[in-house]
Amino acid sequence: MDSRHSNAAPAGPALRDPARRRLLGAAAVAAAGTGIGAVALAPMLRAQTGAGDVVYVPTPQVVVNRMMTMARVGPADFVIDLGSGDGRQLITAVAKFGAKGGRGFDLDEDLLRQANENAKKQGVADRVTFIRRNMFETDVSAASVITLYLLPELNLKLRPKLLAELRPGSRIVSHDYSMGDWQAEESVTMQVPEKQVGNPGVSYVYLWIVPANVSGNWQWKLPGGQPVEVTVRQRFQDLDVRGTAAGRPMNVTLTTLRGEDVRISAAVELNGRTLRHDFVGRVRGDAIEGTVRTFDKGEQAAPWTAARSGGRAASIDPSTVTR
Ligand SMILES: C[S@@+](CC[C@H](N)C(=O)[O-])C[C@H]1O[C@@H](n2cnc3c(N)ncnc32)[C@H](O)[C@@H]1O
């Protein structure tokens, strides 16, 4: 059973709390002694001696599957797991969802060995590699999908790097933790009775799509040849579009940006009448190519080409803007 919600589930309490981490470690020792829960908690033991930024806790398989579905992983995808643990994210991506390949980074030698063995057992060792490297010192630009099960503060620390290195349209899926004020495109709450650590019994899954940087000044012509000049301010996928069309202020009613796909709906005053215009196109560097639909006695479509002049903002992540 799972329930969808649009944005921001509450962040889970457990992993980020050092006292609780120690507690879980102690519980694991006790459990290992009795044999009760040893399988579920054993990874916590290893984490106590690891040098990483977050302890090892595996994502339950049912949640991994949901992450893959939410990211729509398929044959065109190359998946990178930052903090790859026993390799289950990448092995699932390739073996069950047909991704063409994957790379996992971890600091724990035992986990890396285990991940490589698991990849061999599942017959995907030729397509996934697990490498000992700090996730913050890793180039992620080859990925079309990133998987994360970290901590809220690590997600935030990774955020500018992910936005800077990943191609527009790349997907990021995270188990349990959000990206602060970068709103997820999709999120879901799952009841996971077998989950004992992290948020016991519950998992949150989030999806973000890396937006193209469309900030700056854009010009184009309406189907009748009248000029449009707008300035776009951008914060993640949120756009603030202001300017003029045919010499009058343009009343922008809706904007969406999903990867490279942009839509701007506006009410444009032409010859004393207000006409709805829907501009829909794909961003390619300093150009947008697409279609404009107008609504006047029925719908009409015409090509839409926009050009940017004067450059773009260095970042669309406000946390990287220095004042
Ligand atoms: C919570 S586990 C998630 C494992 C796996 N991704 C999953 O979903 O099952 C986090 C992993 O990150 C690794 N890790 C912690 N800090 C790291 C760092 N700075 N660079 C790379 N891996 C790190 C840990 O060793 C651990 O295996």
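Conventions adopted
- Residues numbered from 1 in each chain as written.
- Predicted model: local features only at pLDDT ≥ 70, side-chain atom pairs only at ≥ 80, totals over all residues.
- Heavy atoms only, no water.
- Helix = DSSP H or I, 4+ residues; strand = E, 2+ residues; numbered from the N terminus.
- Buried < 20%, exposed > 50% of the residue type's maximum accessible area, 1.4 Å probe, protein only.
- Contact = heavy atoms within 4.5 Å.
- Areas by Shrake-Rupley, 256 points an atom, 1.4 Å probe, with all protein chains shown as cover.
- Axes fitted to C-alpha atoms, helices over the stretch in contact; angles between N-to-C directions.
- Parallel < 35°, antiparallel > 145°, perpendicular 65-115°, else oblique.
- Left-handed = near helix turned anticlockwise from the far one by under 90°.
- Nonpolar A, V, L, I, M, F, W, Y, C, P; charged D, E, K, R; others polar.
- Pairing = 2+ DSSP bridges.
- Phe/Tyr/Trp six-rings, centres within 6.5 Å; stacked < 30°, edge-to-face > 60°.
- Lys NZ or Arg CZ within 6 Å of the ring centre and 35° of its normal.
- Core = buried A, V, L, I, M, F, W, Y, C linked by side-chain atoms within 4.5 Å.
- Near = heavy atom within 4 Å.
- Polar contact = N/O pair within 3.5 Å; in protein donor to acceptor, adjacent residues only side chain to side chain.
- Salt bridge = Lys/Arg side-chain N within 4 Å of Asp/Glu carboxyl O.

Colleague: So what exactly am I meant to see when it comes to the overall build of the protein here?
Modeller: The helix and strand inventory of the protein stands at 6 helices and 17 strands. Counting every position in the protein, which comprises 323 residues, the buried fraction comes to 47%. When contacts within the protein are restricted to residue pairs at least 6 apart in sequence, long-range pairs at least 24 apart make up 57% of them. Accessible area of the protein: about 15,100 Å², with a carbon and sulfur share of 51%.

Colleague: I tried to follow the packing of helix H3 (residues 61–70) against helix H4 (residues 88–95) on my own but got confused; where do I start?
Modeller: For any two helices packed against each other, the geometry comes down to the angle between their axes and how far apart the axes lie. Where H3 meets H4, the closest approach of the two axes is 10 Å, and the angle between their N-to-C directions is 55°. Comparing their axes, H4 and H3 come out oblique. Relative to H4, H3 is oriented so that their crossing is right-handed. Between H3 and H4, the contacting residues are Gln61, Val64, Asn65, Met67 and Met68 on the first element and Arg88, Gln89, Thr92 and Ala93 on the second. Classifying every residue of the contact of H3 with H4 by side-chain character gives 4 nonpolar, 4 polar and 1 charged.

Colleague: I tried to follow the sheet that holds strand E12 (residues 248–249) on my own but got confused; where do I start?
Modeller: Across a sheet, strands are paired by hydrogen bonds formed along the backbone, either parallel or antiparallel in direction. Across the sheet, which stays open at both edges, the 9 strands sit in the order E12-E11-E10-E9-E17-E16-E15-E14-E13 with antiparallel pairing between neighbours. Two strands lie at the open edges of the sheet, namely E12 and strand E13 (251–258), each paired on one side alone.

Colleague: Which parts of the structure should I look at to understand the packing of aromatic side chains?
Modeller: For any pair of aromatic rings, geometry is given as the distance between the ring centres together with the angle between the planes. Across all of its chains, the model carries 6 aromatic pairs by this definition. Relative to tryptophan 304, the ring of tryptophan 220 has its centre 5.2 Å away and its plane inclined at 75°; by these criteria the two rings are edge-to-face. With tryptophan 220 in strand E9 (residues 216–221) and tryptophan 304 in strand E17 (residues 299–309), this residue pair connects regions lying 84 residues apart in the sequence. According to the relative accessible area criterion, tryptophan 220 is buried, its value standing at 5%. Through pairs of rings, three or more aromatic residues link up here, namely Trp182, Tyr206, Trp208 and Phe236. Stacked on the ring of phenylalanine 136, the Lys or Arg lysine 157 has its end atom at 4.2 Å from the ring centre. Seen from the ring of phenylalanine 295, arginine 276 lies directly overhead, with NZ or CZ sitting 4.0 Å from the centre.

Colleague: Explain unusual backbone geometry to me, please; I cannot follow it from the model alone.
Modeller: With the exception of glycine, the majority of residues adopt a negative phi angle, and the majority of peptide bonds are in the trans configuration. The phi angle at phenylalanine 236 is positive, at roughly 55°, despite the residue not being glycine. Given the relative accessible area of 1%, phenylalanine 236 is considered buried. At asparagine 271, a position not held by glycine, the phi torsion is positive, near 50°. Looking at the element boundaries, asparagine 271 is found in the loop between strand E14 (261–270) and strand E15 (273–284). A residue is classified by how much of its surface remains accessible, and asparagine 271, at 79% relative accessible area, is exposed.

Colleague: Would you mind going over the nonpolar core with me for this structure?
Modeller: Generally speaking, soluble globular proteins have nonpolar side chains that are buried together. Formed by 27 residues in total, the largest nonpolar core has its most connected members in Leu82, Ile146, Leu148, Leu162 and Ile172. For this core, the secondary-structure elements that each account for two or more residues are strand E2 (78–82), strand E5 (145–148), helix H6 (152–165) and strand E8 (202–209). Formed by 26 residues, the second largest nonpolar core is a distinct cluster that contains Val63, Ala99, Val145 and Leu207.

Colleague: Would you mind showing me how to read the site of the ligand here?
Modeller: The local shell around the ligand holds 22 residues, among which Asp53, Thr59, Gly83, Asp106 and Met135 are the closest. Take glutamine 89: an N or O atom from its side chain is 3.1 Å from an oxygen atom of the ligand. The protein chains hide 98% of the 600 Å² of surface that the ligand would expose on its own. Among the secondary structure elements, those contributing two or more residues to the shell around the ligand are H4 and strand E3 (101–106). Along the lines of polarity and charge, the residues of the shell around the ligand split into 10 nonpolar, 7 polar and 5 charged.

Colleague: Sorry if this is basic, but what is going on with the pattern of salt bridges here?
Modeller: Pairing between side chains of opposite charge can happen when their charged atoms approach one another. Summed over all chains, the structure comprises 21 salt bridges. Among the charged side chains, a network of salt bridges with common partners joins Arg159, Asp181, Arg235 and Asp317.

Colleague: What's the story with the side chain of arginine 159 in this structure? I'm lost.
Modeller: Positionally, arginine 159 belongs in helix H6. Judged by its relative accessible area of 3%, arginine 159 falls in the buried class. Not counting chain neighbours up to four residues away, the residues in contact with arginine 159 comprise Met179, Gly180, Asp181, Trp182, Phe236, Asp317 and Ser319.

Colleague: Sorry if this is basic, but what is going on with H3 here?
Modeller: One full turn of an α-helix is made of 3.6 residues, so residues set three or four places apart face in the same direction. Residues Val63, Val64, Arg66, Met67, Met68 and Met70 constitute the buried set of H3. Positive backbone phi, at 50°, marks arginine 72, one or two positions downstream of H3.

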